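# Descriptive analysis of the structure
Chain by chain, the residues:
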Amino acid sequence: MANNNCKSQQKQACFTQQVIVRVLLTLAFGLSLFSIGVLYAEDERSPPGFENAQLRLQLFPWSTEQMAAFFEARGFPARMIETLSAYCFFTASIKNKRNDVLQMDLARWEFVSRKGKLQRIPRSQWPPLWEKMNIPLASQSTFRWMLLPETLHFYAHEKEGGNVVLRKTTAIFSLRARFGLGENTEPVIAIVNNLQCADAAGAIKSL
Amino acid sequence: MLTGGFVWAEDISSASAIPKGILSITAYPAPSLELNDIDGNPFSLAQKKGHWIFVHFWASWCGPCRREMPAIQNMVEKLKTSQLVFAIVNTAENEDTVFTFLGLLAPDIVSLMDLDGQVTEAWQPRGLPSTYLVDPDGIVRYQALGGRPWDEEAYLRFLEALSVQPARKN
């Protein structure tokens, strides 16, 4: 609606008005989004991760508040955010440092605590749930694009990222991720220890 | 057919090498792309046949998209006299979000609006941002990996050379 008004008025003046308000909102929201990074920078810790000559894998945990703030800003329905708050989110950032293809398959990622294997929520589990909850297609689409694909071939030096979702737990756990290099070749195994859901760790400050 | 293929390969290699991060892929027909832009003007990929088309998918929440968009605006400006057609598609966001984002980062870009995200789904990009280069026959020929510095000389030269290439016959 605001944009339609802009079209009929002087576009530049209208734009300036809107931008002033929205810059403030964007800054406030941006601060919340990047708070994880800021926190890690403040105490000079690295995010949990693994790096060798072949790949770099980093995992950034999201607190429930950060997740809710991000999705609210994207216009997700409250019922969708409430559902998502029962889960543990990590943004995974992966860089293939090799000169050839690195094969990622989330089915070959194991999250394990002392009590056993943790359940990762695969991409296929969400659409039926969203359908049942009558979630708008735009929100479904955005959520889907934010997930790490179930499988992806990383080209030489390619870097990609996306969210990995687990059932929420207070346990400390490890990730053992196997990346394929093709037939008859040993996989690259990345191990990340001492992982915790952000809320469980208490390491992420409230917004 | 063979001659056409040879001419194509020769022209591209002599005019400009394929820049970093651009993949020549196994060709396939471009999925449908019919959307309105943010000002309500309709766009149809099918009606742009005869031109190379730069198809780009983005969203404001995606960090690499944010970094890449100013380069895209510079590229569009520098190639405005070329025959390349630009289809820059926002994925599943509303007009206010797109208006604000582009106002801050790339005010000259007029984005197409995939309001429910279904056109993007049909294209099945590897992730966002994602860019495809579609030939004059509507065949997808190249894909870019992630965000690219489109306004750098190597990319501009490549796109400019591409824009005057006829469709391949194989």
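Refer to the structure above for everything that follows.
Nothing here was measured: the structure is a model prediction, and the numbers come from that model. (Residues numbered from 1 in each chain as written. Chains lettered and ligands numbered in written order. Predicted model: local features only at pLDDT ≥ 70, side-chain atom pairs only at ≥ 80, totals over all residues.)

### A word on the interface of chain B and chain A
Listed as interface residues are 24 residues of chain B and, on the opposing side, 21 residues of chain A. Of all the secondary structure elements, the ones that give two or more residues to the side of chain B that touches chain A are α3 (95–105) and α4 (118–123) of chain B. Residue contributions to the side of chain B that touches chain A peak at six residues, all from α3(B). Looking at the side of chain B that touches chain A residue by residue, the class counts come to nine nonpolar, nine polar and six charged. (Contact = placed C-beta atoms within 7 Å. Helix = DSSP H or I, 4+ residues; strand = E, 2+ residues; numbered from the N terminus. Nonpolar A, V, L, I, M, F, W, Y, C, P; charged D, E, K, R; others polar.)

### Description of the pairing of strand β8 (residues 139–144) of chain B
Residues and elements named next belong to chain B. Taken together, the five bridges between strand β1 (residues 22–29) and β8 define a ladder with antiparallel strand orientation. Bridging across to β8, Leu-23 finds its partner in Gln-143. By the bridge criterion, four bridges tie strand β7 (residues 130–134) to β8 in an arrangement that is antiparallel. By the bridge assignment, Thr-131 is partnered in β8 with Ala-144. (Pairing = 2+ DSSP bridges.)

### Quick notes on the nonpolar core
Counting 49 residues, the largest nonpolar core has Ala59(B), Ile72(B) and Ala87(B) as the members making the most contacts within it. For Ala87(B), the residues in contact, after removing those within four places along its chain, are Leu33(B), Phe43(B), Leu45(B), Ile53(B), Phe54(B), Val55(B) and Leu112(B). Counting residues in each nonpolar core, the second largest holds 28 residues, with Leu57(A), Phe71(A), Ala92(A) and Leu102(A) among its members. (Core = buried A, V, L, I, M, F, W, Y, C linked by C-beta atoms within 7 Å. Buried ≥ 20, exposed ≤ 12 C-beta atoms within 10 Å, placed from the backbone.)

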